[in-house]
Each structure stands twice: as C-alpha cells, then as structure tokens.
Amino acid sequence: MIDSHDAGTTTANADWPLRPVLLALLGLVTGLVVHLIIGELSDSQLSAGLLAALAFVTVTAGLIGFTIERRLWWASVAFAVAAGVVAAGIVWWNGAPDHWSGGDGWRGISLLLAIAIAAPLFQAGRDEGGPRFPYASVHDHAWTNVVLWGACWVFVGITFALTYLLAGLFDLIKLRFLSNLLRNDWFWRALIGLAFGGALGILREQTQVVRLLQRVVLTVLSVLAPVLAVGLIVFLVALPFTGLAPLWEAGSATGILLACVVGSLILSNSVIGNAPGEERKFPLPRFAAMGLAAVMLPLGIIAAVAIGLRIGQYGFTPERLWALTFVILACAYGLAYLVSLARGRLDWAAKVRPANLNLAFGTCAVALLLATPLVSFNAIATRDQVSRLESGRLAPEKFDWRALAFEFGEPGKAALKKLQASANADIRERAARAGKAESRWEVQPEGPSRADVARRLRVLPAGSPPLPDALLDYLATQRCGAGENGGCTVLLADAGTAMVLRDSCFAPRDRWPCNNATEVRLIDGNWTDNTGARPVPKKDEAQARADAQRKAYASGQIEMREVKRRQLFVGGEPIGTGLE
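Throughout what follows, the structure given in this document is the object of discussion. (Residues numbered from 1 in each chain as written. Predicted model: local features only at pLDDT ≥ 70, side-chain atom pairs only at ≥ 80, totals over all residues. Heavy atoms only, no water.)

1. Some remarks on the packing of aromatic side chains
Working step 1: The tally for this structure, following the rule as stated, stands at 14 aromatic pairs.
Working step 2: An angle of 40° between the planes, with centres 5.3 Å apart, marks the rings of F170 and F177 as tilted.
Working step 3: Note on F170: relative accessible area 26%, which makes it partly exposed.
Working step 4: Exposure remark for F177: the relative accessible area of 46% places this residue in the partly exposed category.
Working step 5: Plain terms: the ring middles of W322 and F377 are 5.0 Å apart, the flat faces sit at 80° to each other, and that makes the pair edge-to-face. Within this pair, whereas W322 is found in helix α13 (residues 318-344), its partner F377 is found in helix α15 (residues 377-390), the two being separated by 55 residues in sequence.
Working step 6: Assessed through its relative accessible area of 9%, F377 is described here as buried. (Phe/Tyr/Trp six-rings, centres within 6.5 Å; stacked < 30°, edge-to-face > 60°. Buried < 20%, exposed > 50% of the residue type's maximum accessible area, 1.4 Å probe, protein only. Helix = DSSP H or I, 4+ residues; strand = E, 2+ residues; numbered from the N terminus.)

Next up, the structure:
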C-alpha cells in the first residue's frame, strides 16, 4: 500500500528509462574532466583556480545526478549550475591549499553541509511548483539522498573489487591490459564517475527499492534509539555522583558530547518519520525518541561549559571557535526539541517537525556563511592569542609559536611579522626564529621546565645525588614533565650512563608488559640517547668496512663469541635491549 506522500512523489517524478544512461555518461565525463583539471598534481600543488574548477564540476554534476527529473529537468540543471558557481566562488575565495590554516578544512565541510541541506529543499519546492516546503517531502528527499549516496559508493567499491579480480584473472594468462589501465589515474577516476553515475541512475529508476532501503535504514536506526537513550540518560544521572572534574580533564569531551547530540538528532528523527502515519507506534522506540529529545540540550550545555573552560584557560584557536560554533548549533537544536517535547508531550513530533524545517534553513545559511572567509576564525584567534602574549597573561616560552606561524593562516603570519619588531627581546627573538622556519616541524613546542621535570621524576637507586642540569634539559626534550602521565623514572647506571623509563608505560590500565627503556649517555658535556651516541662512519670508512666484511664472509671467517653485557630488569623481567 502506498501512502499519500508516496503517491504524490511517484506522480511528480515519473519513470525515465533514459536516466541511467545519461547519469552514467555524466559520471564518466565528470571523472575525465576531473583528471584533466588535476592530472598528477598533489593537493598542495593545486591553485585556487584549479580547486574552484574542480568544485564547480563535481558539485554541478553531483546535484544534477541527485535532483534531475524528466519533469522540469531544466530547473534541476539551473539549480545545480547555480550551486556549482557558488561553490566554485567560495573555494576560489578561500585560496590555494598552501595558504590554508589548520582549521580551514571545516570550511569545506560547511560548504558540503549547506549543499546537502539545500538539495532536498530545492527538490521539495520543485515538486510543489513554488517556494513551498512540506516537511514530509523535504524529510523524505533528505533521507533518500543519504541512502542513494551510501548505496552508490557501495556499488563503486564492488565495481573496483570486480575490476581488480578480472585484472588478476587476465594476468594469469599474460593479458595485462586491465592491470595496466588500473595504474593510470585517468582510468580509475573515470571508472569512479561511471560506476557512481550508473548506480545513481539505476537506483533512481527503482523507486520502490530505494524506498525499501530507506525504510530498512530508518527501522534499524529506530531500534538503536533505545540503546543510545538509555546510555545518555544513565550518563546524565551519574554526573551528580561522579562530578564534572573527569569531564574537564578529558581533552575530547566536547567532541564526544557533540557526537552524542548528533546521534540523538538522527535516531529521534528515524523514530518520528516523515509524517504522523510513519511514526513508530511501538512504545519503546517512541519513549526512547522522547528521551533523546530531552537530553540533547543538557548535553549541549555541558559541551558549551567544556569548550568555555578550554577557551578561558588557553584562549581562542580556529579549532576551538569551530567547536564553539557547533556547540551553539547543538544547543539550538536541543532547545527546539525540548520546547517541542514540553509543548506536545506524547504528540511532540507534531511540534518538532516544523522546528526541524526552520532549523534546516538556519543551519544551511550559517554553514554557507562559515564556508566563506567573511567570518575569519584565524583573525579572531590571532588577535586573542597575541593579546594574551603582549599583556603578559601568557609567557613567551608557553606561547604556541608553531600555531601562529603555520596554523592561523595569513592573519597569524602577519602577526608573527609584527612580533618580530616587539619591544620585548624574548618575544622578538622567538618570533624571528618561528618566522625563519620553512615547515611547522622546525618550530618545536617548548618542553617542560627543569622544575616540572624534577617534580615528576623518580631517581633510582634511592639516595642518588641530584641530577645535573644537562640531564634535566635532555629529559625536558623527551617531554618527561609534560602531560597527565608525563613522569619518568631514571636509573643511574654510572656517572655517564642512565636508563630512562616512562611511568605511563607502566600505568595500571595497560594490559601488556612494558618493554621500552632509553639508554642515555654523557658525551662532550651533553646527554643524548644511545642511538645518537654511536659515531656514524664516514663514507670511505663505511665502504672499506663493507668490503672487508664481504671478503671475510666469502672466505668463511665467521665465528661465535660470547659477549658480556648489562641488561635492565624490572621485577626480574628484562626490559629493552642490552647495554654495551
């Protein structure tokens, strides 16, 4: 039996037997054009113009594939081209990858999110013949697009597996044409486009199959809703007893909480469906969806507090500003769902559906704005961090010079140049060093101080004299005083040799025995690990030794000797390799 919405969709989007062929050809051409644009260039070698062209081609082709219908086909093409132009303009505006900062990848994700939301809104408006967006139609198109996206990539994977299988089969009889083709970039890019477009065209002609897949996905997700609801409710109930301190100590708390909000959003919508007739009637998923709606705002508030504490302690960075943006969106969804639940109670789905539609428009607009450089998180973070440095709230040795030079984009580089003329000699010197670095790895973060190392250090045997400053400096470079489990144990073998073991390696949570120990030696007044202590032979000496070994090997000068060595033991068990 087909409900009213299915009937309307079937009428609006009649079968189009030619669509699989057209979309397969579109995919093939798209793959070849993509190859012509990027060729063998790496990501870092792509210019802003090439990236813009790539965005236009892929976005336009993708939206044509997902939205085109026999009826009003020109509207889908016009929408796809317009979206492609917007995407290309935004990508070009953001510049080439070599000017991107650490957080600029989120701009691309924001752009894709805006496109993913705009597509079902356009599809619903087109089906209605005007700017009207019935929730059932928008929600149905959104889920259908998601199912089609996943199914098409599965088909692409199967196509490649079959192609490699056939290549291996032909290789058995010395026919290597298929193996040779697979080594060419143009071939596998064209094959991806052909497989994806062909699968999309075929599946879009099988309306009942896609609808069945959609219902299977929603049914499976609705079954998972009670599991997540119970887990999140238990988490919130346990918080008053465990306290929030462990949450603040975990650096990944904000990300995990946001993932829980997104999961709650997806699973609750899988239960309420597109319309009242599609709601799950069984009490368990219904009440689970209500529970998920109730916990979204508390989780969002806790995430907001967590990111707020990080910002209060360490200031703004582009990544924290992106996290703050996502937290604000999560709280907006959580508030809308909680208000809908309070107003509608058991009939809360009728209240949340229009809220979902309004939130979709708002999220699309915000995502499109954040995809552009109009809101520069790099500039905001740079101003905040430099202000903390110049005001004295952050010592120069604690300042993240690597981030300013390589992760805050052009605003960070401009600020670094200004700091090279600072009246503070320490700031000026460190800024100059960071400015001369050609890669982020040349700007090493400051290690812990000698006092930090000494405080987190255990020296054996008991009663040993204080460690020399040179050894403490070496241990600082090994991060022995940094982090929650940054302590180390040092065993003094003699005046010029010590063994360093990390305490975290022997933490109670580790299931496997530790077998790591570093031998350090005093050489020319500096402590270094044993690997660095071994002299590297000169090229001529190495060649002479290699020649001598080959002659001895050929003449049979091979013998077994007993070698006396020292070995580190912990609890009677050997640790690491022997000492020379």
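Back to the text.
2. With respect to empty space enclosed by the protein
Working step 1: By the definition in use, this model includes three cavities of 30 Å³ or more.
Working step 2: The volume enclosed by the largest cavity comes to roughly 70 Å³.
Working step 3: Around the largest cavity sit V271, I272, E279, R280, R286, A289, M290, L346, W348 and A349, which together line it.
Working step 4: Going through the elements one at a time, α11 (253-272), α12 (283-314) and α14 (348-370) are the ones with two or more residues in the lining of the largest cavity.
Working step 5: The residue makeup of the lining of the largest cavity, split by class, is seven nonpolar, no polar and three charged. (1 Å grid on protein atoms, 1.4 Å probe; cavity = no way out; pocket = protein on both sides within 12 Å on 5 of 7 lines; lining within 4 Å. Points joined across faces, edges and corners; volume = space filled by probe spheres on them. Nonpolar A, V, L, I, M, F, W, Y, C, P; charged D, E, K, R; others polar.)

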